[in-house]
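Inside the fold
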Amino acid sequence: MAKVIWYEPVIKQVLYAKSGMVGRFVKKRGGIIQTLARTQVGGNTGALRASIHMRHATDPRGHLMRVGSDLDYAMSHHEGTSPRLIKPDRPNGVLRFATRGQIVFAHLVRHPGTRPNRYLTDSMRKALADTFR
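Here we summarise the structure given alongside this text. (Residues numbered from 1 in each chain as written. Predicted model: local features only at pLDDT ≥ 70, side-chain atom pairs only at ≥ 80, totals over all residues. Heavy atoms only, no water.)

1. Topic: the side chain of H78
Looking at where H78 falls in the secondary structure, it is placed in helix α4 (residues 74-79). Polar side-chain contacts of H78 include one of 2.8 Å to the side chain of E79. Contact partners of H78, with chain neighbours within four places excluded, come to P116, N117, R118, Y119, L120 and T121. (Helix = DSSP H or I, 4+ residues; strand = E, 2+ residues; numbered from the N terminus. Polar contact = N/O pair within 3.5 Å; in protein donor to acceptor, adjacent residues only side chain to side chain. Contact = heavy atoms within 4.5 Å.)

Pasting the structure below:
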């Protein structure tokens, strides 16, 4: 039977350092997820697409990869919204918005809701599925 000698500094470098094999693998997968998410996400202004970021960190448990956006409406875009009433903040106030090139004023808007666009979870599944084929 062969004798295996573990050289702990090398094992720690490979497993826990950002520049080690595992760290490079995690960072590469995070970059793929970020790219796929930016490709799938919709938006009129491109602000959500531009705000999708990737953060790679380590802690005693191992590597941590975060891909997402800090914009307040990112979760609504990802999960969708239910139909709802939109009312002005002030009593007797009016809502002002543009639609089809015209300015419209209303006291109440019945928003139909939005379908989810799961740009993060879809991208994660694609990136990880390619890994384990």
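2. A closer look at the nonpolar core
One finds A37, V41, L48, I52, A74 and Y119 forming the largest nonpolar core, which totals six residues. In this structure, I52 is in contact with Q34, A37, R38, V41, V67, G68 and Y119, ignoring residues within four places of it in sequence. (Core = buried A, V, L, I, M, F, W, Y, C linked by side-chain atoms within 4.5 Å. Buried < 20%, exposed > 50% of the residue type's maximum accessible area, 1.4 Å probe, protein only.)

3. Details of the pairing of strand β4 (residues 95-99)
Both faces of the sheet carry side chains from a regular strand, because those side chains alternate between them. Of the strand pairs in this sheet, β4 and strand β5 (residues 102-106) are connected by five bridges, and their pairing is antiparallel. Looking at the pairing, A98 lines up with I103 of β5. Hairpin geometry of β4 and β5 is characterised by an intervening segment of two residues between the two adjacent antiparallel strands and by a positive phi of about 50 degrees at R100. (Pairing = 2+ DSSP bridges.)

4. Overview of a nonpolar patch on the surface
On the surface, a cluster of nonpolar side chains totalling about 360 Å² of accessible area is made up of L15, Y16, M21 and V22. Elements with a contribution of two residues or more to the nonpolar patch: α1 (8-16) and α2 (21-40). Its location among the elements puts Y16 in helix α1. You can call Y16 partly exposed: its relative accessible area is 44%. (Patch = residues over 30% accessible without salt bridge, like charges linked within 9 Å, V, L, I, M, F, W, Y side chains within 5 Å. Areas by Shrake-Rupley, 256 points an atom, 1.4 Å probe, with all protein chains shown as cover. Salt bridge = Lys/Arg side-chain N within 4 Å of Asp/Glu carboxyl O.)

5. What to know about the pattern of salt bridges
Applying the stated criterion across every chain, the model contains three salt bridges. Of the charged contacts, one joins K12 and E8 as a salt bridge, the two residues approaching to 3.3 Å between their closest N and O atoms. On the criterion of helical spacing, the pair formed by K12 and E8 is a turn pair, its members being four residues apart in helix α1. Of the residues examined, E8 reaches a relative accessible area of 51% and is grouped as exposed. For the salt bridge of R118 with E79, the shortest nitrogen-to-oxygen distance reads 2.7 Å. Within this pair, whereas R118 is found in the loop between β6 (109-111) and α5 (119-131), its partner E79 is found in helix α4, the two being separated by 39 residues in sequence. What makes E79 partly exposed here is its relative accessible area of 37%.

By themselves these figures say nothing about function.
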